[in-house]
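# Descriptive analysis of the structure
One-letter residues, chain by chain:
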Amino acid sequence: MTVTTTAYRPALLVLEARARAYARTWLIPTVTTVVAPLLFLAAMGLGLGGLVDRRGAADLAGGSYLAFLAPGLLAASAMQAGVQESAWPVRLGVHWQKTYVAALTTPLAPRDLVDGHLLWVALRLLAGAAAFAVAAVVLGAADPAGAALAVGPGVLTGLAVAAPVAAWTVTLERDHRLIALIRFGVTPLFLFSGTFFPIAQLPGPLRAVAAATPLWHGVELARAAAVARPPALPAAVHLAYLAAWIVGGWLVARHTFARRLIR
Amino acid sequence: MSDVIEARGLVKRFGAFTAVDGIDVRVGRGEAFGFLGPNGAGKSSTMRMIGAVSPPTAGHLRVLGRDPATDGPAIRRRLGVVPQEDMLDTELTVAENLLIHGRYFGLPVRDLRPRIARLLDFVQLADRAGDRVEPLSGGMKRRLVIARALLNDPELLLLDEPTTGLDPQARHLVWDRLYRLKQQGVTLVLTTHYMDEAEQLCDRLVVMDAGRIVAEGSPRDLVAAHATREVLELRFPPGGRNGELAALEGIADRVEELPDRVLLYTADAERAAAAVTARGLRPDGVVVRRSTLEDVFLRLTGRSLVE
Ligand SMILES: Nc1ncnc2c1ncn2[C@@H]1O[C@H](COP(=O)(O)OP(=O)(O)OP(=O)(O)O)[C@@H](O)[C@H]1O
Ligand SMILES: [Mg+2]
């Protein structure tokens, strides 16, 4: 019996492993990352939107609340998915079942786990954002071209939180901080980063905080793409800001994974 | 041919704590080598360094002729590892766990499928291939981990407590499989808390204590060097032992006091037993037996093998 190996890239093998595991247990993660945001869009956009539109909100630049909300919600759900999809698999792989630790007995290195993990998260985000975009079109919240254009900013927003969350989660030995982050970090971010209303309505200091979050930049980009409205800052600035979080988080994750797993 | 494992002055520190304190180990090709030692002795730390997943703090280490510090992936490609913890994906099936792990080696799926079937046969799990791992018994999971370690057809198999938690039948199955692998030329390195396992499987072993090697040799040599030929085991009623210990003075070469029994080391245990009776002592239980590795272990580490 001889070992035959084909040419491969280790990170892609990690990506493949995640896909194989997902194929087995896809139902619940799919429901939480795709169906839940759609319920939000229907309830808030159609229900609440009806009230808002009747009063004629000036900030919506003539469009409907539904059209305002849809790209924001696309980015915000990508942010949420980015946290969930990044945190729990890392927790599971490193601390609970330790399948990531077992993977390191093969030729893989910690950086391959990071790269493969983030690639997988990117695919999940892409699928989630695309599903959301289709639904937005069906609900009449966006035109097809605009909805398709908003997918990119959505994926970038998700990755901008997924990378630093992976980097941080691997350093945790217990759950409580992660739960605190989700409860007291993600939820306010979801509500106050321009998703449901423009951050101009926030008081000054809070506005600065919102503007520093990756989500606000993602929302601005997604909205600019979906409703052809100029973003708050030049698009390149928003993109660069998201890219900084992605690349920064990714490099730190390579470092923290190695420190936690190689000892 | 060069040694499969060559370690000199190997040290592992975690912060200020020294887990492995300068050990020398050589393991030749095809050999079965064991690490014995009480909890915390540094066995797993050593295994992880050999497995190229934990960088040594100091010392010289070569595995399969290569340096783990620089050639980790190349070494791990040729290793099979049974870690102390199973580390299985319990949501997935038995076969899926193996497929995913095999893919990490870059092995093509079409080669892996028949290999997985063969390995599941080998560890007698073929009928569970499509079952989720979660409800499997501890012994089945352990056998699955052993199958996982064989996916890449390793030259060197590192087994950290391969049979802990297994029932006697499952342990014998594992021993038989490991023996067959040895016959095929696979080098085995294992840790264990079971002296019968060490005696069954190991050509040579070391006893570790507090990060150091305190004895080395074949099981038979170790018994000859560190224990008397026979042992007399006495059981006294709980609490009523103090006077008796003094009364045993001079009967044996050495007396070892355990929580549940007293061991008398002597060349002739029958005669010692007669002497105990002659002194008017009435233990609850008397056992005459030959010395084993467990006695060596007790002597060297002051602790029993299974804690
Ligand atoms: N990652 C780590 N960080 C800090 N200390 C560690 C780490 N790994 C092991 N140790 C310590 O090193 C010592 C040796 O541990 P090791 O796991 O090598 O022992 P062992 O001989 O395998 O014990 P056991 O029989 O219980 O498995 C222990 O005191 C342990 O607490
Ligand atoms: Mg151990």
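Structure: above.
Procedures and definitions
- Residues numbered from 1 in each chain as written.
- Chains lettered and ligands numbered in written order.
- Predicted model: local features only at pLDDT ≥ 70, side-chain atom pairs only at ≥ 80, totals over all residues.
- Heavy atoms only, no water.
- Near = heavy atom within 4 Å.
- Polar contact = N/O pair within 3.5 Å; in protein donor to acceptor, adjacent residues only side chain to side chain.
- Areas by Shrake-Rupley, 256 points an atom, 1.4 Å probe, with all protein chains shown as cover.
- Helix = DSSP H or I, 4+ residues; strand = E, 2+ residues; numbered from the N terminus.
- Nonpolar A, V, L, I, M, F, W, Y, C, P; charged D, E, K, R; others polar.
- Contact = heavy atoms within 4.5 Å.
- Buried area = accessible area lost by both parts, 1.4 Å probe.
- Salt bridge = Lys/Arg side-chain N within 4 Å of Asp/Glu carboxyl O.
- Buried < 20%, exposed > 50% of the residue type's maximum accessible area, 1.4 Å probe, protein only.
- Phe/Tyr/Trp six-rings, centres within 6.5 Å; stacked < 30°, edge-to-face > 60°.
- Lys NZ or Arg CZ within 6 Å of the ring centre and 35° of its normal.
- Axes fitted to C-alpha atoms, helices over the stretch in contact; angles between N-to-C directions.
- Parallel < 35°, antiparallel > 145°, perpendicular 65-115°, else oblique.
- Left-handed = near helix turned anticlockwise from the far one by under 90°.
- Expected span 1.5 Å × (residues − 1).
- Donors = N, O, S within 2.8 Å, 3.2 Å for Na, K, Ca; no water.
- Pairing = 2+ DSSP bridges.

## Comments concerning the site of ligand 1
Residues and elements named next belong to chain B. In the vicinity of ligand 1 lie 15 residues, with Asn-39, Gly-40, Lys-43, Ser-44 and Ser-45 positioned nearest. Contact between ligand 1 and Asn-39: an oxygen atom at 2.9 Å from a side-chain N or O atom of the residue. For ligand 1, an oxygen atom lies 2.9 Å from a polar atom in the backbone of Gly-42. With the chains in place, 67% of the 630 Å² that ligand 1 exposes on its own is no longer accessible. Put simply, the parts of the chain that give the shell around ligand 1 at least two residues each are strand 2 (17-27) and helix 1 (43-50). Per-element accounting of the shell around ligand 1 gives the leading share, three residues, to helix 1. Taken together, the residues of the shell around ligand 1 break down into five nonpolar, seven polar and three charged.

## Description of the interface of chain B and chain A
Contacts between chain B and chain A engage 37 residues on the former and 30 residues on the latter. Here chain B meets chain A over a buried area of about 3100 Å², counting both sides, of which 58% is carbon and sulfur. Along the contact surface separating chain B from chain A lie three salt bridges. A salt bridge links Glu-85 of chain B to Lys-98 of chain A; the nearest nitrogen and oxygen atoms lie 3.0 Å apart. For the side of chain B that touches chain A, the element with the highest residue contribution is helix 3 (residues 94-104) of chain B, accounting for six residues. Residues of the side of chain B that touches chain A, tallied by class, amount to 15 nonpolar, six polar and 16 charged.

## Here we look at the environment of Leu-144 of chain B
Residues and elements named next belong to chain B. Following the sequence through the fold, Leu-144 ends up in helix 5 (residues 138-149). Given a relative accessible area of 0%, Leu-144 falls into the buried group. C-alpha of Leu-144 to C-alpha of Asn-97: the two residues are 47 residues apart in sequence and 8.8 Å apart in space. Setting aside chain neighbours within four positions, we find Leu-144 in contact with Leu-88, Val-94, Leu-98, Leu-120, Leu-125 and Val-133.

## Quick notes on the packing of aromatic side chains
Under the criterion given, the structure shown has eight aromatic pairs over all chains. Each ring, one from Tyr-100 of chain A and one from Phe-257 of chain A, has its centre 6.5 Å from the other, and the planes form 40°; the classification is tilted. Within this pair, whereas Tyr-100 of chain A is found in helix 4 (residues 99-103), its partner Phe-257 of chain A is found in helix 10 (residues 235-261), the two being separated by 157 residues in sequence. Geometry around Tyr-194 of chain B places Arg-171 of chain B over its ring, the cationic atom sitting 4.0 Å from the centre. Above the plane of the ring of Tyr-265 of chain B lies Arg-254 of chain B, whose end atom (NZ or CZ) is 4.3 Å from the centre.

## Quick word on the packing of helix 3 of chain B against helix 4 (residues 109-122) of chain B
Residues and elements named next belong to chain B. Following both chains from N to C, one finds helix 3 and helix 4 inclined at 130°, their axes separated by 10 Å at the closest point. When the axes of helix 3 and helix 4 are compared, the pair comes out oblique. As helix 3 packs across helix 4, the resulting crossing turns out to be right-handed. Of helix 4, the residues touching helix 3 (which contributes Val-94, Ala-95, Leu-98, Leu-99, Gly-102 and Arg-103) are Val-109, Leu-112, Arg-113, Ile-116 and Leu-120. Grouping the constituent residues of the contact of helix 3 with helix 4 by class yields eight nonpolar, one polar and two charged.

## Some points on helix 5 of chain B
A rise of 1.5 Å per residue sets the reference length of helix 5 of chain B, with its 12 residues, at 16 Å; its end C-alpha atoms lie 17 Å apart and thus fit the reference within 8%. Across the 12 residues of helix 5 of chain B, 10 count as buried, placing the element largely inside the fold. Looking only at helix 5 of chain B, the buried set comprises Gly-139, Lys-141, Arg-142, Arg-143, Leu-144, Val-145, Ile-146, Ala-147, Arg-148 and Ala-149 of chain B. In this fold, the buried residues of helix 5 of chain B make contact with helix 4 of chain A together with strand 5 (79-82), helix 3, helix 4, strand 6 (156-160) and helix 6 (168-183) of chain B.

## Some words on the coordination of the magnesium ion (ligand 2)
Residue and element names in this part refer to chain B. Protein coordination at the magnesium ion (ligand 2): the donors are Ser-44 (OG) and Gln-84 (OE1), at 1.9 to 2.1 Å from the metal. Here Ser-44 is found in helix 1, whereas its partner Gln-84 is found in the loop between strand 5 and helix 3, with 40 residues between them in sequence. Given a relative accessible area of 41%, Gln-84 falls into the partly exposed group.

## Some details on helix 1 of chain B
Taken across its eight residues, helix 1 of chain B has seven buried, putting it largely inside the fold. Among the residues of helix 1 of chain B, those classed as buried are Lys-43, Ser-44, Ser-45, Thr-46, Met-47, Met-49 and Ile-50 of chain B.

## Topic: the sheet that holds strand 5 of chain B
Residue and element names in this part refer to chain B. Ordered in space as 5-6-7-3-8-9, the six strands form an open sheet in which the pairing is mixed. Edge positions in the sheet fall to strand 5 and strand 9 (212-217), since each of these pairs with one other strand and no more. Between one strand axis and the next, the sheet turns through 15° on average, direction left out of account. In terms of strand pairing, strand 6 meets strand 7 (residues 187-191) through five bridges, oriented parallel. Residue pairing for strand 7: Asp-160 is matched across the bridge by Thr-191. Set on the sheet, helix 11 (residues 293-301) makes contact with strand 3 (32-36), strand 8 (204-209) and strand 9; between it and strand 8 the angle comes to about 35°.

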